[in-house]
Amino acid sequence: MQLVDKDQVAKSLGGRQLLNKSMKFLFLLCTLVGLVVLVTLIVDTVLDGWSHLTWDFLTSFSSSRPESAGIYGAIIGSVWLMAVTAPVAIVLSVGTALYLEEYAPKNRITNFITVNISNLAGVPSVVFGLLGLTIFVRQLSLGNSVLAAGLTLALMIMPVIVVAAQEAIRAVPSSVREASTGMGATKWQTVSRIILPAAIPGIITGIILALSRAIGETAPLVVIGVPVSLLVTPNGVFDTFQALPMQIYNWVKMPQEEFQYLTAAGIIILLLILFLMNSVAIYIRNKYSKRF
Amino acid sequence: MNEYNIREMIQNNKNNKSTKFIEKAVPTILFIITSVSILTTIGILYTLLSETFIFFTRVSFIEFITATEWKAFSSNPSFGIIALIMGTLKIVVIATMVAVPVGLGAAIYLSEYATDRIRRIVKPILEILAGIPTVVYGTFAITFVTPLIREMFPGVSLYNAISPGVVVGIMIVPMIASLSEDAMSSVPGTTREGSLALGATRLETVFKVILPAAASGIIASFVLGISRAIGETMIVSIAAGSTPGADFDLTSSLQTMTGFIVQVTSGDAAFGTDLYYSLYAVGMTLFLFTLIMNLAAQWITKKFKEEY
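This structure is a prediction, so every number in the text was calculated from the model and none was measured.

Participant: What should I look at first to understand the overall build of chain B in this one?
Facilitator: Broken down by element type, chain B carries 12 helices and 2 strands. For chain B, the succession of helices and strands along the chain, N to C, is α-α-α-β-β-α-α-α-α-α-α-α-α-α. For chain B, whose C-alpha radius of gyration is 26 Å, the value lies well above the compact-globule estimate of 19 Å for 308 residues. Projected onto its principal axes, the C-alpha coordinates of chain B cover approximately 90 × 65 × 35 Å. Buried positions account for 51% of the 308 residues belonging to chain B. On chain B, roughly 14,600 Å² of surface is accessible, and the fraction owed to carbon and sulfur atoms is 65%. Across chain B, the mean location of the 20 positive side-chain charges is 8 Å away from that of the 21 negative side-chain charges.

Participant: It is not clear to me how empty space enclosed by the protein should be interpreted in this structure. Could you clarify?
Facilitator: Gaps between atoms show up when a probe of the same size as a water molecule is rolled over them. Residue and element names in this part refer to chain A. A full pass over the atoms with the stated rule returns 1 cavity of 30 Å³ or more. When its volume is computed, the largest cavity comes out at roughly 40 Å³. The wall of the largest cavity is formed by Leu120, Ala121, Val123, Phe128, Met156, Pro159, Val160 and Arg213. If you list the elements that add at least two residues to the lining of the largest cavity, you get α4 (108-121) and α6 (146-170). Counting residues per element, the lining of the largest cavity draws most heavily on α6, which supplies 3 residues. Each residue belonging to the lining of the largest cavity can be placed in one class, and the counts come to 7 nonpolar, no polar and 1 charged.

Participant: Looking at this structure, how should I read the UniProt feature "domain: ABC transmembrane type-1" (unreviewed entry) in chain A?
Facilitator: UniProt feature "domain: ABC transmembrane type-1" (unreviewed entry): in the numbering of this structure it lies at residues 75-280 of chain A. Along residues 75-280 of chain A one finds 77% helix and 0% strand; the C-alpha atoms at either end are 19 Å apart.

Participant: Help me understand the UniProt feature "transmembrane region" (unreviewed entry) in chain A in this model?
Facilitator: UniProt's entry tags residues 25-50, 70-100, 112-136, 148-169, 190-211 and 259-284 of chain A with the feature "transmembrane region" (unreviewed entry), counted in the numbering of this structure. For the annotated span residues 259-284 of chain A, helix accounts for 100% and strand for 0% of the residues, and the straight-line distance between the end C-alpha atoms is 38 Å.

Participant: It is not clear to me how a nonpolar patch on the surface should be interpreted in this structure. Could you clarify?
Facilitator: Taken together, the side chains of Phe25(A), Leu26(A), Leu29(A), Leu32(A), Leu35(A), Val36(A), Val39(A), Val43(A) and Leu47(A) make up a nonpolar region of the molecular surface, amounting to roughly 790 Å² of accessible area. Topologically, Leu32(A) is positioned in helix α1 (residues 6-49).

Participant: Whenever I open this one, the nonpolar core confuses me. Can you help?
Facilitator: Proteins that are soluble and globular tend to have nonpolar side chains buried together. Residues Ile44(B), Trp70(B), Tyr137(B) and Met184(B) are the most contacted members of the largest nonpolar core, which totals 180 residues. Considering each element in turn, this core owes the most residues, 18 residues, to helix α4 (residues 81-113) of chain B. There are two domains that each give this core at least three residues, and those are domain 1 (6-58) and domain 2 (70-303) of chain B. Among residues more than four places away in sequence, those in contact with Tyr137(B) are Leu41(A), Leu129(B), Ile132(B), Val167(B), Ile170(B), Met171(B) and Ile235(B).

Participant: I'm lost on the interface of chain A and chain B in this one. Help?
Facilitator: Often, the extent of an interface is quoted as the loss of accessible area on bringing the components together. With 71 residues of chain A in contact, the opposing surface of chain B contributes 78 residues. In total, about 6,400 Å² of surface goes out of reach between chain A and chain B, with carbon and sulfur atoms giving 75% of it. Linking chain A with chain B are 1 salt bridge. Between Arg16(A) and Glu204(B) there is a salt bridge whose closest N-O contact spans 2.7 Å. Across the chain A-chain B interface, the total number found is 13 residue pairs in polar contact (both at pLDDT 80 or more).

Participant: How should the side chain of Thr110(A) be read in this particular structure?
Facilitator: Residue and element names in this part refer to chain A. Within the secondary structure, threonine 110 is located in helix α4. A distance of 2.5 Å separates a polar side-chain atom of threonine 110 from the backbone oxygen of proline 105. Each residue touching threonine 110, except ones within four places of it in the same chain, is listed here: Leu100, Ala104 and Pro105.

Participant: Quick question: what am I supposed to make of the UniProt feature "transmembrane region" (unreviewed entry) in chain B here?
Facilitator: All names here are of chain B. UniProt annotation of "transmembrane region" (unreviewed entry) refers to residues 21-49, 79-104, 125-149, 161-179, 209-230 and 275-297 when read in the numbering used here. Annotated as 100% helix and 0% strand, the span residues 209-230 places its first and last C-alpha atoms 32 Å apart. A distance of 33 Å separates the end C-alpha atoms of residues 275-297, which is 100% helix and 0% strand.

Participant: What is the right way to look at the domain arrangement of chain B in this model?
Facilitator: Residues and elements named next belong to chain B. Considered domain by domain, chain B is made up of domain 1 (6-58) and domain 2 (70-303). Of note, the centres of domain 1 and domain 2, computed from C-alpha atoms alone, are 35 Å apart. Between domain 1 and domain 2, the contact holds 10 residues from the first and 12 residues from the second. With both sides pooled, the region where domain 1 packs onto domain 2 buries about 1,000 Å², and carbon together with sulfur makes up 77% of that total. Interface area lost by domain 1 to domain 2 is led by Leu48, Phe55 and Arg58, which between them contribute 52%. Linking domain 1 with domain 2 are 1 salt bridge, by the criterion used here. Its salt-bridge partner being aspartate 274, residue arginine 58 comes within 2.8 Å of it at the nearest N-O pair. Where domain 1 meets domain 2, there are 3 residue pairs in polar contact (both at pLDDT 80 or more). Residue composition of the side of domain 1 that touches domain 2, grouped by class: 6 nonpolar, 2 polar and 2 charged.

Conventions adopted
- Residues numbered from 1 in each chain as written.
- Chains lettered and ligands numbered in written order.
- Predicted model: local features only at pLDDT ≥ 70, side-chain atom pairs only at ≥ 80, totals over all residues.
- Heavy atoms only, no water.
- Helix = DSSP H or I, 4+ residues; strand = E, 2+ residues; numbered from the N terminus.
- Rg over C-alpha atoms; globule rule 2.2 N^0.38 Å.
- Buried < 20%, exposed > 50% of the residue type's maximum accessible area, 1.4 Å probe, protein only.
- Areas by Shrake-Rupley, 256 points an atom, 1.4 Å probe, with all protein chains shown as cover.
- Lys, Arg positive; Asp, Glu negative; His and termini not counted.
- Charge placed at Lys NZ, Arg CZ, Asp CG, Glu CD.
- 1 Å grid on protein atoms, 1.4 Å probe; cavity = no way out; pocket = protein on both sides within 12 Å on 5 of 7 lines; lining within 4 Å.
- Points joined across faces, edges and corners; volume = space filled by probe spheres on them.
- Nonpolar A, V, L, I, M, F, W, Y, C, P; charged D, E, K, R; others polar.
- UniProt positions renumbered as here; feature names shortened; annotations may be inferred.
- Patch = residues over 30% accessible without salt bridge, like charges linked within 9 Å, V, L, I, M, F, W, Y side chains within 5 Å.
- Salt bridge = Lys/Arg side-chain N within 4 Å of Asp/Glu carboxyl O.
- Core = buried A, V, L, I, M, F, W, Y, C linked by side-chain atoms within 4.5 Å.
- Domains from an automatic or database assignment.
- Contact = heavy atoms within 4.5 Å.
- Buried area = accessible area lost by both parts, 1.4 Å probe.
- Polar contact = N/O pair within 3.5 Å; in protein donor to acceptor, adjacent residues only side chain to side chain.

Here it is, written out as structure tokens:
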């Protein structure tokens with residue numbers, strides 16, 4: 001009994017394999033688009049900005065004259081901003097993740113909270129800016145301070161860290177958990193001494209990646225009204241400040257050509273900071289992630 | 001040797017006063033922290049709704065949704081959201097036309113063709129691309145992509161829809177690629193191997209077996225990508241201009257909903273003016289659009305999920 005007509009198959013096989021090969025090549029090209037864009041972006045930026053990346057540039061305040069403008073205030077401001085955003089975001093997100101994974105009862109409220117968090121992750125950053133402008137800047141009268149902007153960014157990146165932390169906590173095997181309970185540990189002892197330490201590399205990776213998103217975020221800062229020409233650095237969280245991405249945005253809008261080189265130089269600094277943060281995250285992920 | 005009574009030790013541990021207190025307090029504290037996420041949502045809704053409500057006591061709702069001109073800064077202002085929605089739509093359509101084929105192609109390659117080694121090299125590159133700040137993409141659009149496009153098509157003006165549209169598309173490629181790849185990788189190997197064993201080529205397996213099986217996840221990734229494109233702010237603020245209009249012209253300056261919010265807030269919108277409240281009406285519209293897209297993505301994933 002001949003079920004498959006061999007000749008028929010052989011006849012069409014060449015064409016089918018050719019199609020397979022050519023489509024594979026096309027898919028490979030799609031994959032390479034990202035690489036090509038990344039290389040173009042970096043080369044273009046470095047060529048434009050390299051010559052302006054001087055010590056003076058790093059240590060001067062912003063200025064309307066391109067030859068004396070620098071990025072010092074913006075860097076310090078961004079550091080202040082992260083100093084507020086990071087602790088607030090970490091406490092909120094890790095607390096939420098612990099509650100959802102370890103304590104929350106399986107009911108409608110928990111379900112609602114989970115859905116709500118994934119929806120918050122999809123809210124555009126500019127809408128978070130409007131929230132910050134109305135609640136923190138106006139109603140709590142914080143003005144365009146480090147605190148107002150930091151809280152806004154913390155709320156914005158919270159969903160990202162929560163999801164990462166939840167995954168890290170879920171990856172701790174139940175055998176470890178049960179062993180702890182079996183030894184007579186209470187719930188919190190198990191959570192704080194067994195589960196958190198085991199999940200911490202994953203959580204920290206999530207935190208660093210989220211913070212590297214926050215440090216480059218511009219839209220909420222524009223909406224809050226972060227200034228672009230200040231000649232002082234903040235002395236406390238209630239002072240106003242400059243920020244790195246805001247400075248870049250301000251320069252790119254300038255009509256004078258000289259500012260385009262400053263923009264590129266600013267971007268190099270921002271990308272270097274991001275690269276550093278990402279390297280740390282990858283290092284922690286590879287070095288400390290435990291396999292059970 | 002001391003005699004340890006294990007049961008007693010456990011009992012002591014559990015009856016210890018501070019332990020007892022902590023065990024009771026911790027869930028409550030964690031629940032309070034968790035409720036901040038709910039408060040954030042309430043805050044967003046309250047902010048947008050209350051100010052939008054005031055806006056509609058000054059400008060009629062009918063004008064808002066039917067007028068085709070958006071002249072918020074004019075002395076004789078007109079608030080027709082359609083003009084801003086058209087701007088957003090132009091960007092989103094161009095971005096989708098770039099991101100969906102490229103993202104899906106990359107996902108198919110990574111999930112079905114690539115060796116482990118290639119995957120280990122390519123995935124971090126996609127992660128880096130996903131982590132680049134949008135203000136950097138915006139600068140890239142105006143200093144590199146726009147001049148390139150203007151060289152090829154001299155009729156295009158400095159601010160246009162094509163350049164920011166393409167760059168927004170590139171920005172969402174990593175998201176679509178990685179979510180789609182996740183969906184395809186979760187199709188079990190047995191299904192794939194069954195198809196290959198029947199004599200199908202890799203390509204036929206992809207189109208006839210893998211894509212249908214992973215369709216829900218893939219479509220959800222498209223929807224999430226589109227939602228991201230709608231909310232994208234800095235690229236369009238930098239490279240798309242600030243001329244709202246309800247037309248289909250891709251070659252001249254336009255304004256999106258997000259672009260308008262940035263334009264108003266980078267100047268001094270005096271508190272209490274129509275202009276100030278229009279900010280929230282636009283924000284509300286933007287929020288609704290992205291919310292609907294996100295809910296749609298969740299619904300698609302849930303409804304059409306294939307169980308293995």
